[in-house]
Every structure is written in C-alpha cells, then in structure tokens.
Amino acid sequence: MKSKALAVFALAAMLVVMTVPVNDAEAFNNVTGDSVIATGEDATYDIMYSNHDYDGYTDMTMSISYTAALKDSTGSSVSSGVDPTSGTLTNGATATLTVTAPSTAGTYTLEVSYEIEITYVSSGTEEESETVEVDLTDSREFTITVVEPIELSVTVTNNSDIDLTGFGVYFYVNGEKLEDSYTTFDLAKEGTATVTYDWVTTASNGQYTFSIQAADSGNLIQISGLGDEYTFYIGDSDYTVWIALLVMVVIILALVMVWVYRKPVKNYGKPKSRR
C-alpha cells in the first residue's frame with residue numbers, strides 16, 4: 001500500500017513538472033553599429049530586445065516599446081541626435097536607428113530604454129486560472145566617439161595614351177590597407193585627377209605615412225602618384241606649433257631688451273652741499 005502511494009506521488013510530481021514551463025533563456029538586448037564616426041555623419045545602429053522566458057505560458061502576449069536618445073559628456077540630450085526617438089519592437093527582431101553626429105568632436109552615448117508588458121494565463125483548473133500581468137524594464141548604453149576626419153589627398157597623372165574609366169584604388173596608412181577606402185575615378189590620357197579620402201580614426205598623435213595603390217594588382221598602366229608615400233601628422237607632432245611659440249617668445253624678449261636699452265636715464269644733477 002505504501003509503495004502504491006509513493007508511485008502515485010511520483011506520477012503526480014512528474015505531471016506538475018510537465019505542466020510548468022521550463023525557462024532556460026534570459027532576457028537580452030543589444031546595440032550594434034560603428035563606435036567611431038565623423039562629425040556631421042549619419043550612421044545607422046540596430047537595436048534588439050529578446051525575451052523567451054515566457055514562451056511556454058498559456059495565452060502569452062508581449063509588447064515591447066523603446067525610447068532612444070543621444071547624450072553628450074554632460075548627460076544632456078543632443079537635439080536631433082537620433083531618429084526615431086521611440087517606437088515598438090517585435091520580440092527578437094531588430095529595429096534601425098539613425099544617429100546624426102554633432103559638429104563638435106567628443107564622446108557621446110546612445111541610450112536605449114525598453115519597457116516590456118507581458119500577460120499570460122496562469123496554469124490550473126478553469127476556476128483557479130487567472131490573467132497575470134508582468135511589467136519589465138531594460139536598457140542599454142552604447143559609446144560613440146565623434147572625431148574630425150583626416151583628409152588624405154593624392155594627385156595622380158595618367159602617363160599613358162589610354163583613357164581610364166572607373167579606375168579603383170585603396171588608401172594605405174603606415175602600409176596597412178584601409179578596407180573602406182575603395183575609391184573609383186576617371187582619368188583621361190595624359191590627364192591628372194585628385195583622389196581624396198576622409199579617414200575616420202582615433203589614432204594617437206604622431207607621424208604617419210599614406211599612399212594609394214591600384215585595386216587591381218595586375219594594372220600595367222603607368223600612373224604617377226600610385227605607390228608614392230606622403231607624410232602627415234596627428235596632433236601637430238611636426239613641432240610647428242612649438243616652433244611658432246618659440247619664435248613669438250624670442251620676438252617678445254627682443255622687444256623687451258630694446259625697450260630697456262633705450263629707456264632714458266633721468267639726470268638729477270649734483271647733490272647740494274650742506275651748510
């Protein structure tokens with residue numbers, strides 16, 4: 001009798017476990033996009049919220065809404081910094097935000113806040129079941145560095161008697177190819193063209209070299225400027241500013257010395273004798 005009671009209890013426990021949803025998943029949200037963009041540039045970012053913890057519940061519904069803002073280093077919202085600023089999401093699906101970088105370089109934060117409303121019917125008999133409402137919140141911060149782009153420019157000359165159309169090149173900095181720098185241009189025979197590229201980078205101060213190379217390594221046409229290396233500096237590391245300051249100091253010292261040298265000396269005459 002005792003063994004039969006234990007068997008019934010075990011069967012009942014199994015039935016309870018089978019009717020209760022097992023939730024291994026965790027709520028998750030994310031923001032993906034470029035962490036470094038140029039001043040005034042429009043960049044897109046994908047946001048996503050996913051929560052499958054309630055998938056097994058009866059008559060479960062989920063609504064997800066979000067708000068977005070671009071904040072500066074003081075925590076103030078940047079006007080027209082992100083579009084849209086609010087909306088709704090489907091669970092597990094992405095939505096796209098467009099961030100317009102301010103004209104001032106600096107560190108900014110894309111802040112996205114989520115509000116989730118979940119309803120489901122609790123398990124049990126028809127008389128015992130009830131509608132359950134769950135309110136959740138979540139958020140994500142994504143740091144964006146806004147920089148002034150560095151313009152790299154090269155003038156090339158077509159030394160052949162062949163007109164070139166859609167000639168493609170890549171820019172290289174310190175010998176490393178910049179994958180997003182692919183540029184095409186037309187170049188008439190014996191003509192010249194200027195190729196430019198805005199390098200968006202957080203590279204440290206110092207001296208750098210850059211060049212352009214033909215995208216087609218099998219190119220046999222002679223073009224002056226291809227492969228030539230040019231030097232540039234980030235952060236005035238060529239000491240131009242320091243030299244200018246030194247020259248100003250020398251000029252100021254020279255003026256002071258001239259003023260002291262030419263300053264008139266007052267002659268008070270001989271002292272009167274005492275009687």
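Residues numbered from 1 in each chain as written. Predicted model: local features only at pLDDT ≥ 70, side-chain atom pairs only at ≥ 80, totals over all residues. Heavy atoms only, no water.

Q: Can you walk me through the sheet that holds strand S16 (residues 223-224) in this structure?
A: Strands in a sheet are paired, the pairing made by backbone hydrogen bonds, and the direction either parallel or antiparallel. Read across the sheet, 3 strands follow the order S14-S10-S16 without closing on themselves; strand pairing throughout is antiparallel. Every interior strand has two partners, whereas the edge strands, strand S14 (192-199) and S16, have only one. Sheet analysis places strand S10 (residues 150-158) next to S14, joined by 8 bridges and oriented antiparallel. Bridge pairing links Ile150 to Trp199 in S14. (Pairing = 2+ DSSP bridges. Helix = DSSP H or I, 4+ residues; strand = E, 2+ residues; numbered from the N terminus.)

Q: What exactly am I supposed to notice about the pattern of salt bridges here?
A: Side chains carrying opposite charge are able to pair once their charged atoms draw close together. Scanning the model with the defined rule gives 2 salt bridges in all. A salt bridge links Glu179 to Lys177; its shortest N-O distance comes to 3.9 Å. Assessed through its relative accessible area of 56%, Glu179 is described here as exposed. Look at Lys177 and you get partly exposed, because its relative accessible area is 30%. (Salt bridge = Lys/Arg side-chain N within 4 Å of Asp/Glu carboxyl O. Buried < 20%, exposed > 50% of the residue type's maximum accessible area, 1.4 Å probe, protein only.)

Q: Would you mind showing me how to read the sheet that holds strand S5 (residues 82-83) here?
A: With antiparallel pairing, 4 strands are arranged side by side in an open sheet as S1-S3-S7-S5. Because the sheet does not close on itself, it has two edges, and the strands there are strand S1 (28-32) and S5. Pairing between strand S3 (residues 42-50) and strand S7 (residues 94-100): 7 bridges, direction antiparallel. By the bridge assignment for S7, Tyr45 is matched with Leu97.

Q: Looking at this structure, I do not really get the side chain of Lys71. What am I missing?
A: Relative to the elements of secondary structure, Lys71 occurs in strand S4 (residues 58-71). Judged by relative accessible area, Lys71 falls into the buried class, the value being 18%. Reaching out from Lys71, the side chain makes a polar contact with the side chain of Glu111 at a distance of 3.1 Å. Leaving out residues up to four positions away in the same chain, Lys71 has contacts with Ser76, Ser77, Val78, Tyr108, Thr109 and Glu111. (Polar contact = N/O pair within 3.5 Å; in protein donor to acceptor, adjacent residues only side chain to side chain. Contact = heavy atoms within 4.5 Å.)

Q: Help me understand the nonpolar core, please; the structure alone is not making it clear to me.
A: Note on soluble globular proteins: their nonpolar side chains tend to be buried together. Membership of the largest hydrophobic core comes to 28 residues, with the highest contact counts inside it found for Tyr45, Ile47, Leu110, Val112, Tyr114 and Ile144. The set of elements that each furnish at least two residues to this core consists of S3, S4, S7, strand S8 (106-121) and strand S9 (131-147). With residues up to four places along the chain from it excluded, the contact list for Ile47 reads Asn30, Val31, Tyr66, Leu89, Ala93, Thr94, Ala95, Leu97, Val112 and Tyr114. Among the nonpolar cores identified, the runner-up in size contains 23 residues, and Val156, Phe167, Phe185 and Phe232 belong to it. (Core = buried A, V, L, I, M, F, W, Y, C linked by side-chain atoms within 4.5 Å.)

Q: What is the right way to look at a nonpolar patch on the surface in this model?
A: Where nonpolar side chains cluster on the molecular surface, the patch consists of Ile252, Val256, Trp259 and Val260 and spans about 430 Å² of accessible area. Tracing the chain through its elements places Val256 in helix H2 (residues 240-262). The exposure class assigned to Val256 is partly exposed, which follows from its relative accessible area of 44%. (Patch = residues over 30% accessible without salt bridge, like charges linked within 9 Å, V, L, I, M, F, W, Y side chains within 5 Å. Areas by Shrake-Rupley, 256 points an atom, 1.4 Å probe, with all protein chains shown as cover.)

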